[in-house]
Amino acid sequence: MTKIIDLSQEIYGGMPVYKGLPEVKMTIHNTHEEWDGVKDSGTVTPAVYKLELGEHTGTHVDALNHMAKEFKENSIDTMPLSMFYTEGICLDFSRKNLKELITSLEIEEACRQQKVEINTGDTVLIYTDHYRKTYNTLDWPNGPGITSEAAAWLGRKRISAFGVETMSPGVSGISNKEVHRICGRMGFTHYENMINLHLLIGRGRFRFIGLPLRIRGGTGSPVRAIAVFENEF
C-alpha cells in the first residue's frame, strides 16, 4: 500500500509571506453565472480565480539564480527535474527554539539517533515544529535555521536539496544570506514553508517529490511537495 503525505501549505489571499515579497491576492475572475448568461443572479459560483503572488509563496523551492547574482543563468526552468524527484529523510529538531541555529554536528547526531544516513542526491528535511507552533503569529518569521557551516557540510554530502518549515533556511540577519550563497556555489537548493514534517519522523527513507512550475527565467516556484512511502501496511 502506498502512503502519500502532503508537505505543502495552502495558498490563499492574505497568507503570510516573507518580508518585502508580494502579498497574495486571490479574486474571482469569471463565474459560472456569467458564462451561463445569467443576469442579476443571487449567487456567485467561481469558475476561474485570478491569482497574484510571488514565486516564493507558500511551500516553494528556490532556484540557484535566487541565491546571488553570479548564478543568474541558473533559473528554475534550467534546473534538472532529478533535483526535485529524490529519496528523502527527515530529521527531528523540534527541541529548537526561536532563531536557534542548527549545526552540522547536530545533524550528524540526529542521523545517528534516528538510524538514517544522508546519501548523494537526497533531500534532507529539517523538522522543527515551527509551523504548528507559530504559523500566522508574530513569531512565524523567527524560526530556527541552519548555520552556514551546516549548509556547506550538506553541500559536501552532495545532496539535491534540504527543506525547512520556516520562512528561510537560515536565521535572518545571522546565517540566512550566506546559506543561500553556499547553495548557489555548491549547486544544491532548498525548500521553505513545509508542513506535516512531524508525520515523517521515525519512518525512515521515503520518495520525495517537489516539482516546480516551468517558469521561464524563474527564481523559484511554488511546489506541491509530497513524501511517498511504498509498501506500508
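All values derive from a computational prediction rather than experimental measurement.

Caption draft 1: How the structure looks around the nonpolar core. One finds Leu 7, Phe 162 and Leu 200 to be the most contacted residues of the largest nonpolar core, which totals 50 residues. Elements represented by at least two residues in this core include exactly strand 5 (85-92), helix 2 (104-114), strand 7 (123-127), helix 4 (148-156), strand 9 (161-164), helix 5 (176-186), strand 11 (206-209) and strand 13 (226-229). Residue contributions to this core peak at five residues, all from helix 4. Excluding its chain neighbours within four sequence positions, the residues that come into contact with Leu 200 are Ile 5, Leu 7, Cys 90, Leu 125, Phe 206, Ala 227 and Phe 229. Formed by six residues, the second largest nonpolar core is a distinct cluster that contains Met 15, Val 24, Trp 140 and Met 167.

Caption draft 2: Expanded view of the packing of aromatic side chains. One pass over the full model with this rule turns up six aromatic pairs. Taken together, a centroid distance of 6.2 Å and an interplanar angle of 50° make the contact between Phe 162 and Phe 188 tilted. Of this pair, Phe 162 sits in strand 9 while Phe 188 sits in the loop between helix 5 and strand 10 (189-192), placing them 26 residues apart in sequence. In this structure, Phe 162 and Phe 188 share a single accessibility class: buried. Joined through ring pairs, the aromatic side chains of Tyr 131, Tyr 135 and Trp 140 make up one cluster. The aromatic ring of Phe 229 is capped on one face by Arg 203, whose charged end is 4.3 Å from the ring centroid.

Caption draft 3: Structural view of the state of the cysteines. Counting across every chain of the model gives zero disulfides. Counting only cysteine sulfurs, Cys 90 is the nearest neighbor of Cys 111, a cysteine outside any disulfide, at a range of 11 Å. Classification of Cys 111 as buried rests on a relative accessible area of 9%. Not part of a disulfide, Cys 183 finds its nearest cysteine sulfur in Cys 111, a span of 17 Å. The exposure class of Cys 183 is buried, given its relative accessible area of 0%.

Caption draft 4: Main features of the sheet that holds strand 9. In spatial order, the strands read 1-13-11-5-7-9-10-4-12; together these nine strands make up an open sheet with mixed pairing. At either margin of the open sheet sits one strand with a lone partner, and together these are strand 1 (3-6) and strand 12 (220-222). Each strand of the sheet is rotated relative to its neighbour by a mean of 25°, with strand direction disregarded. With four bridges connecting them, strand 5 and strand 11 associate as antiparallel partners. Paired with Glu 87 across the two strands is Arg 207, which belongs to strand 11. Sheet strands touched by helix 5: strand 4 (60-62), strand 9 and strand 10. Its angle to strand 10, the strand with the most contacts, is close to 135°.

Quick notes on the rules
- Residues numbered from 1 in each chain as written.
- Predicted model: local features only at pLDDT ≥ 70, side-chain atom pairs only at ≥ 80, totals over all residues.
- Heavy atoms only, no water.
- Core = buried A, V, L, I, M, F, W, Y, C linked by side-chain atoms within 4.5 Å.
- Buried < 20%, exposed > 50% of the residue type's maximum accessible area, 1.4 Å probe, protein only.
- Helix = DSSP H or I, 4+ residues; strand = E, 2+ residues; numbered from the N terminus.
- Contact = heavy atoms within 4.5 Å.
- Phe/Tyr/Trp six-rings, centres within 6.5 Å; stacked < 30°, edge-to-face > 60°.
- Lys NZ or Arg CZ within 6 Å of the ring centre and 35° of its normal.
- Disulfide = S-S within 2.5 Å.
- Pairing = 2+ DSSP bridges.
- Axes fitted to C-alpha atoms, helices over the stretch in contact; angles between N-to-C directions.

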